[in-house]
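Survey of secondary and tertiary structure
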Amino acid sequence: MQDNLTIAEKEFTSRLIIGTGKYRSFQEMQAAHAASGAEMVTVAVNRVPLDRKTESFLDHLDPKMQILPNTAGCYDADHAIRTARLAREALETEWIKLEVIGDPVTLLPDNEQTLEAAKVLVSEGFIVLPYFSDDLIMAKKLLDAGCPAVMPLAAPIGSGMGVQNPSNLRIMREQLPDATIIVDAGVGVPSDAAIAMELGADAILMNTAIAEAGDSAQMATAMKLAVQAGRLGHLAGRMPKRLYASASSPIAGAIK
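Below you will find a few notes about this structure. (Residues numbered from 1 in each chain as written. Predicted model: local features only at pLDDT ≥ 70, side-chain atom pairs only at ≥ 80, totals over all residues. Heavy atoms only, no water.)

On to the pairing of strand S10 (residues 203-206), then. Both faces of S10 are covered, namely the face carrying Ala203 and Leu205 and the face carrying Ile204 and Met206. Two strands pair when backbone bridges link them, and strand S3 (residues 16-18) and S10 are joined in this way by 3 bridges, in the parallel orientation. Its bridge partner being in S10, Ile18 is matched across the sheet by Met206. Sheet analysis places strand S9 (residues 182-184) next to S10, joined by 3 bridges and oriented parallel. Opposite Val183, over in S10, you have Ile204 as the bridge partner. Between the parallel elements S9 and S10, the chain passes through helix H6 (residues 190-198) in a crossover that is right-handed. (Buried < 20%, exposed > 50% of the residue type's maximum accessible area, 1.4 Å probe, protein only. Helix = DSSP H or I, 4+ residues; strand = E, 2+ residues; numbered from the N terminus. Pairing = 2+ DSSP bridges. Right-handed = clockwise from strand over helix to strand, strands pointing away.)

The next thing to look at is unusual backbone geometry. Even without being glycine, Ala8 reaches a positive phi, approximately 50°. Overall, Ala8 belongs to the partly exposed group, its relative accessible area being 36%. Backbone geometry places Glu92, a non-glycine residue, at a positive phi of 55°. With respect to the helices and strands, the residue Glu92 is situated in the loop between helix H2 (77-91) and strand S6 (95-98). The exposure class of Glu92 is exposed, given its relative accessible area of 72%.

Let us now look at the packing of helix H1 (residues 26-36) against helix H8 (residues 216-236). Closest axis-to-axis distance for the H1/H8 pair is 8 Å, and the angle between their directions is 20°. Taken together, the axes of H1 and H8 lie roughly parallel to each other. As H1 packs across H8, the resulting crossing turns out to be right-handed. Contacts from Glu28, Ala31, Ala32, Ala35 and Ser36 in H1 reach Ser216, Ala217, Ala220, Thr221 and Lys224 in H8. Across the contact of H1 with H8, the residue classes break down as 5 nonpolar, 3 polar and 2 charged. (Axes fitted to C-alpha atoms, helices over the stretch in contact; angles between N-to-C directions. Parallel < 35°, antiparallel > 145°, perpendicular 65-115°, else oblique. Left-handed = near helix turned anticlockwise from the far one by under 90°. Contact = heavy atoms within 4.5 Å. Nonpolar A, V, L, I, M, F, W, Y, C, P; charged D, E, K, R; others polar.)

Structure, rendered in structure tokens:
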């Protein structure tokens, strides 16, 4: 079955997007990336030497992967906009994962500042994928601003807590049937990824769950399969929930 993910007219066969932070070595990162099957990788602009004068994870990325710079570490719209412009110049890409953090302890996003930055960056030709709280109204505003996809969190960044508000994601999917929804932040184990996909997410972005696993490459493989399984389960359509039992083998016509 051909079921590709399309963002801004670019097709991806994988619905798993991965990161570059927290790996114990460049070699471990490379192995995990290869095992994941991902075709897009996010890069924190504020923590990498963009002039390439010193070695960094940029030197160890598969050149076939779509680089998705992110504005991690930005706490207001102006800083995020400047960071995005720097990323476009240094990495030669219009793609940007927009992050504007509102609180240094919880690392929860500032939705209003995110929207403000998104409007400016879209007007400048960026392909903006905004990270925000799982809020339906903000999702609508970001889509109306011209973002080709939205990236609601499942739980706080790096928490590994899994999907904390499944109802929000389900509502977002039902109310925005044509939108591209990428769940970002909070996935800890493969079952979390499968649940997010079963709820109707189009893709998942994760980093810590793979990078901090005991065996990153093995976890990357597990996440790849979980995303695929969750997607297939969503497309197949689940059975109805029932209060009472329903026999697996009907007794009509059975021998008495």
